There are 2 protein chains.
Amino acid sequence: MILALAGGIGGAKLLLGLARAIPVDEITIIGNTGDDIELLGLRICPDLDTITYTLTGKVNPETGWGVLADTFSCLDCLVKFGGPSWFKLGDQDLATHLWRTSLLRQGTSLTEVTQQIAGSLGLRCRLLPMTESYTPTFVSTNQGVLHLQEYLVREQARPRLYEIRHQNVEQCSPAPGVIEAIEQAETIVICPSNPFISIGPILSVPGIRSALLRSQGLVVAVTPIIKGRAVKGPAAKMLQDLGFPLTATSVARLYSDFIDVFVLDEQDANLRAEIEALGIRVLLTNTLMNTLADKERLAHLVLQAI
Amino acid sequence: MILALAGGIGGAKLLLGLARAIPVDEITIIGNTGDDIELLGLRICPDLDTITYTLTGKVNPETGWGVLADTFSCLDCLVKFGGPSWFKLGDQDLATHLWRTSLLRQGTSLTEVTQQIAGSLGLRCRLLPMTESYTPTFVSTNQGVLHLQEYLVREQARPRLYEIRHQNVEQCSPAPGVIEAIEQAETIVICPSNPFISIGPILSVPGIRSALLRSQGLVVAVTPIIKGRAVKGPAAKMLQDLGFPLTATSVARLYSDFIDVFVLDEQDANLRAEIEALGIRVLLTNTLMNTLADKERLAHLVLQAI
């Protein structure tokens, strides 16, 4: 059994490779819900949706999120009413949020709802939210405290970042099945997702990091940073704003207590020694995943780390 | 000042005529909310929306409800999740329900929300919900107790009807401004809407019927029944199922305590004497409103009843 911890776009790319490399029913995914937002009374889980849409071929390939060929008729009307225009709710995507919110209001758990939505869309691996609680990520910036989505989407990650907080997270519990999945996994893959806002929230759920530390399985992290730059998203800017050296080593260091292997990009070969000095085995490869073949090749390499 | 009590499609037709006959800012409408439904966590107010869409030229002219040229992408996805397919939620229409629900959840009153939505869409007369409480209409039928929309839309009004109940209505109050509007109106028009499920719920709000009885203005009702048939909708079937004679007189009788004038279709001239015997003045005319000119002509006639 393979367990993967994943955020949105970057994580979903490797998941797509894993799903081609091994039977999908052997894959469990713990998805980040720290980027969840409540908007217009709807509970929106961007990372869970990106994973589901990507693995079921429903994703918009141009953006990496949202639904392929979606329309925005509802949003256009909402904006006329005075609603927010910055969060791009497509008409098809909206169905996911409406259905989720409706089931949650009826008392169905987020785990159950996530499974039901994923199942309806044809996802055949197991997708678990990290927690069933609402633990939104807020960022302190030079423009004040913002919800993560306001920072990422509305402000295009431009404000200078001072601090990241996962609201409510100390009081929350891992979703049912999460700890067991960590305990039972032969290989645990930390996807090349943002360490602060994708993997960070998962690690901050009480019990998850310690379960990873106890894990008998091999824990392999794939770098989201190549040559000091993030493949996509604000990971590099966040490292910089938060005062970390702008290298893949900083990510390896954030995970050093619980990972066994770090998959480093071959362009960063010069960092190998300093990461090995953290007691971590290093695998060097091309970690860029442009094509489906790239994703599958990287997935195979991760699996061969065992 | 003109006050109109209205349900959905039939009522909106006459309202359209009124809005052409006199300055729109002299018109106040009390809209039925007895047909409201909570679906997928959304508060849907079909009659308020039909009035707003019709008067702002946004309505789908083929159905008389919903938005012109609307699409159904969200609904198609909801149905795949297992959601109900019988209530036709268009993508644009959905924005109205989402915005309303979101404002209500934030504590905005239904009166305020209705005004805001109507204003955004360009409605220039005053539209008041009959009450701010949720007082859904339920019908007892040979297929059990159904929400009015289940009966009307899902079951196409086919089940035999035994009884109509307006849930919660005894405990509710008229929305702010409703009683004042009745007290101040020079003419009060009871639109040609269904007497049981459109006008009936309005009349059952505590205080409204007695305010109509006290009213100094002229109260004019327009028949929704011509030659024993409803122009649209199940009014005739309801009269029959509930044991009323299948004529316009039955409607006049339901309103006889508070109306001064009944506008009867000229095809029903034979009913004139029995309606006059109820102490009601009768105006005979062609009450069918196929064209905009028909609507305006009928509106002028109603206004000339003074």
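Residues numbered from 1 in each chain as written. Chains lettered and ligands numbered in written order. Predicted model: local features only at pLDDT ≥ 70, side-chain atom pairs only at ≥ 80, totals over all residues.

Caption draft 1: View of the overall build of chain A. Within chain A one finds 13 helices and 14 strands. Taking 2.2 N^0.38 as the reference for a compact globule, 306 residues should give roughly 19 Å; the C-alpha atoms of chain A span a radius of gyration of 18 Å, in line with that estimate. Once the C-alpha set of chain A is aligned to its principal axes, its extents read approximately 55 × 45 × 40 Å. Here chain A holds 306 residues, and 53% of them are scored as buried. When contacts within chain A are restricted to residue pairs at least 6 apart in sequence, those whose partners lie at least 24 apart make up 67%. (Helix = DSSP H or I, 4+ residues; strand = E, 2+ residues; numbered from the N terminus. Rg over C-alpha atoms; globule rule 2.2 N^0.38 Å. Buried ≥ 20, exposed ≤ 12 C-beta atoms within 10 Å, placed from the backbone. Contact = placed C-beta atoms within 7 Å.)

Caption draft 2: Molecular detail of the sheet that holds strand β2 (residues 27-31) of chain A. All names here are of chain A. Reading across from one edge, β5-β2-β1-β9-β10-β13-β14 is the order of the 7 strands in this open sheet, with parallel pairing throughout. Across the chains shown, the open sheet's two edge strands, defined by having one partner strand only, are β5 (126-129) and β14 (281-285). On average, each strand axis in the sheet is inclined to that of its neighbour by 20°, with strand direction left out of account. Bridge count between strand β1 (residues 2-6) and β2: 5 bridges; the pairing is parallel. Residue Ala-4 lies in a different strand from β2, and its bridge partner there is Ile-29. (Pairing = 2+ DSSP bridges. Axes fitted to C-alpha atoms, helices over the stretch in contact; angles between N-to-C directions.)

Caption draft 3: Structural detail: the sheet that holds strand β10 (residues 218-222) of chain B. Residue and element names in this part refer to chain B. In space, the 7 strands of this open sheet follow the order β5-β2-β1-β9-β10-β13-β14, with parallel pairing throughout. Looking at strand neighbours, the two that pair on one side only are β5 (126-129) and β14 (281-285), the edges of this open sheet. Between one strand axis and the next, the sheet turns through 20° on average, direction left out of account. In this structure, β10 lies alongside strand β13 (residues 261-265), joined through 3 bridges in parallel fashion. Paired with Val-222 across the two strands is Val-263, which belongs to β13.

Caption draft 4: Molecular detail of the pairing of β2 of chain A. Residues and elements named next belong to chain A. Extensive coverage of β2 is indicated by the burial of 5 of its 5 residues. In the sheet, β2 pairs with β5 via 4 bridges, with the strands oriented parallel. Among the inter-strand pairings, Ile-29 is bridged to a residue of β5, identified as Leu-127.

Caption draft 5: Geometry of helix α3 (residues 73-81) of chain A. For α3 of chain A, every residue scored as buried is listed here: Ser-73, Cys-74, Leu-75, Cys-77 and Leu-78 of chain A. Residues of α3 of chain A that are buried sit in contact with α4 (91-105) of chain A together with α3 (73-81) and α4 (91-105) of chain B. Looking one or two residues past α3 of chain A, Gly-82 of chain A carries a phi angle of roughly 110°, positive in sign.

Caption draft 6: Fine view of the environment of Val-24 of chain B. Secondary-structure assignment places Val-24 of chain B in the loop between α1 (9-21) and β2 (27-31). With residues near it in sequence (within four places) discarded, Val-24 of chain B still touches Ala-19, Arg-124 and Cys-125 of chain B.

Caption draft 7: The arrangement of the interface of chain A and chain B in detail. Contacts between the two partners involve 22 residues from chain A, matched on the other side by 21 residues from chain B. Grouping the constituent residues of the side of chain A that touches chain B by class yields 10 nonpolar, 9 polar and 3 charged. (Nonpolar A, V, L, I, M, F, W, Y, C, P; charged D, E, K, R; others polar.)

Caption draft 8: Local environment of the relation of the copies chain A and chain B. Between the two copies, chain A and chain B, the superposition gives an RMSD of 0.0 Å; the rotation angle is 180° and the shift along the axis is 0.0 Å. A rotation of that kind, with that shift, is consistent with a two-fold axis. For chain A, the smallest separation between a C-alpha atom and the rotation axis is recorded for Asp-91 of chain A, amounting to 3.2 Å. Interface overlap between copies: 95% of the residues of chain A at the interface are likewise at the interface in chain B, consistent with a symmetric, same-surface contact. (Least-squares fit on C-alpha atoms with pLDDT ≥ 70 in both.)

Caption draft 9: Region of the structure containing the packing of helix α1 (residues 9-21) of chain A against helix α13 (residues 292-303) of chain A. Residues and elements named next belong to chain A. Interhelical geometry of α1 versus α13 gives an angle of 75° and a closest axis separation of 7 Å. By the angle class used here, α1 and α13 are roughly perpendicular. Contact residues: Lys-13, Leu-14, Leu-16, Gly-17, Leu-18, Arg-20 and Ala-21 in α1; Lys-295, Glu-296, Leu-298, Ala-299, His-300 and Leu-303 in α13. (Parallel < 35°, antiparallel > 145°, perpendicular 65-115°, else oblique.)

Shape descriptors only; they carry no functional weight alone.
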